[in-house]
Each structure stands twice: as structure tokens, then as C-alpha cells.
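Structural characterization, general
Now for the letters of each chain:
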Amino acid sequence: PDNVTDDYVKKYMEKQGFTTVEALLTDCREQLVATAVINYTIANSKVDIPDAYLQERLAIYENAIVEISGATSIEEFVRSQYQATVSSIRPYWLSYIKTSIITEVVLAEMIKSKDVKADETKLQEYIEEVMSVNSNFTDADDIYFELGYGNIEKGKERLSNQLAITDYILEKYRASQSVTE
């Protein structure tokens, strides 16, 4: 919009590292490219998920919801938040969990094949940025706990993989303004 000026960006986005409209737009473009590449790769990958593993992840997900929400049971949480039954909500959660598992597997394979690692400084900066805009997180472990559905180490691995492959894609994109790998 016309009312978004450098002054506006600096006032409202400086905490996120932006002081000009151009810097904000460049970052948005780059994030869209990285997201598109990752989404394309995921959509064109085949990952078989054993049903037992899917059910295990569903149980972990539901337990994390109960713990994070403070509800006494998953039934109570679903009733209060969705005015529905667990059996009517589970298909949506299973779809989300399948997508999450596929994303994890694909990102892990991309990381392995490209031999890239997350930059610890960027990881810490990202954590600080998230905490500055979301008061629900008081430290890195809170973020990792949520991303890992109750497993801090898994959450850190997921976030590290996401940042590492995004940096790799953006490095390629910035060098050529296209992505071919």
C-alpha cells in the first residue's frame, strides 16, 4: 500500500531487522521463493508412513495439546475449543501430522544430500525474534517444545533443518535469481 513508507517500516518492523520498504519486500520475495521450493519438493516426494508411527505421533500431538492448553483431557480441549468431538477433529489432525512427517523427512533428506547445517547465530537470532513478538515463549525451549510436540530436541532439530535448507535455497537464489537444484 502507498502508506507503507520507510519510516513506517522502521517504526513497526525494526525489531524484525527491517528499516526500509525495499529490505522488507526483498525478504518477502526470498521467503516466498524458499517456501515455494520446499513446497514443490514436498509435493513431489513420496513418503510411506507406517500407521503405527502415525498413531504414535497423534498420541504425542494430543498429549502436547493437553499439556500446553492446561486442559484435563483431549476431549475437554476439543469440546471447549471446537465445540466438537475428538473423532470429528482427528482426521484434520492426522492430515496435519502426515504433512508434518513428510516435511520432516524431506527436509532431513535435503539437508543430508546438500550437507548443510543451520547457522547457530541465525538460529539464536530467530529464537529471539520469535520471543520478541510472542509473549507465550519465554525461552528457546518453549519454542522447541511446541515445534517438537513436547519433545525439545525434536523441535530444535526441526527448526534447525528448516533454517538450514532455507538458507541454502536463498544462497542459490541470490547467486542466480533462480533455483534449479
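Check the entry above for the structure.
None of these values were measured; they are calculated from a predicted model.

Looking now at the environment of Ser 87. You can see Ser 87 is positioned in helix H5 (residues 86-114). Judged by its relative accessible area of 59%, Ser 87 falls in the exposed class. As a C-alpha pair, Ser 87 and Ala 118 span 31 residues in sequence and 38 Å in three-dimensional space. Here the side chain of Ser 87 touches Thr 85 through a polar contact of 3.3 Å, side chain to side chain.

Turning to the side chain of Glu 62, a few remarks are in order. Looking at the secondary structure, you find Glu 62 in helix H3 (residues 51-69). You can call Glu 62 buried: its relative accessible area is 9%. Residues in contact with Glu 62, not counting those within four places in the same chain, are Ile 74, Val 86, Arg 90 and Trp 93.

Criteria and cut-off values
Residues numbered from 1 in each chain as written. Predicted model: local features only at pLDDT ≥ 70, side-chain atom pairs only at ≥ 80, totals over all residues. Heavy atoms only, no water. Helix = DSSP H or I, 4+ residues; strand = E, 2+ residues; numbered from the N terminus. Buried < 20%, exposed > 50% of the residue type's maximum accessible area, 1.4 Å probe, protein only. Polar contact = N/O pair within 3.5 Å; in protein donor to acceptor, adjacent residues only side chain to side chain. Contact = heavy atoms within 4.5 Å.

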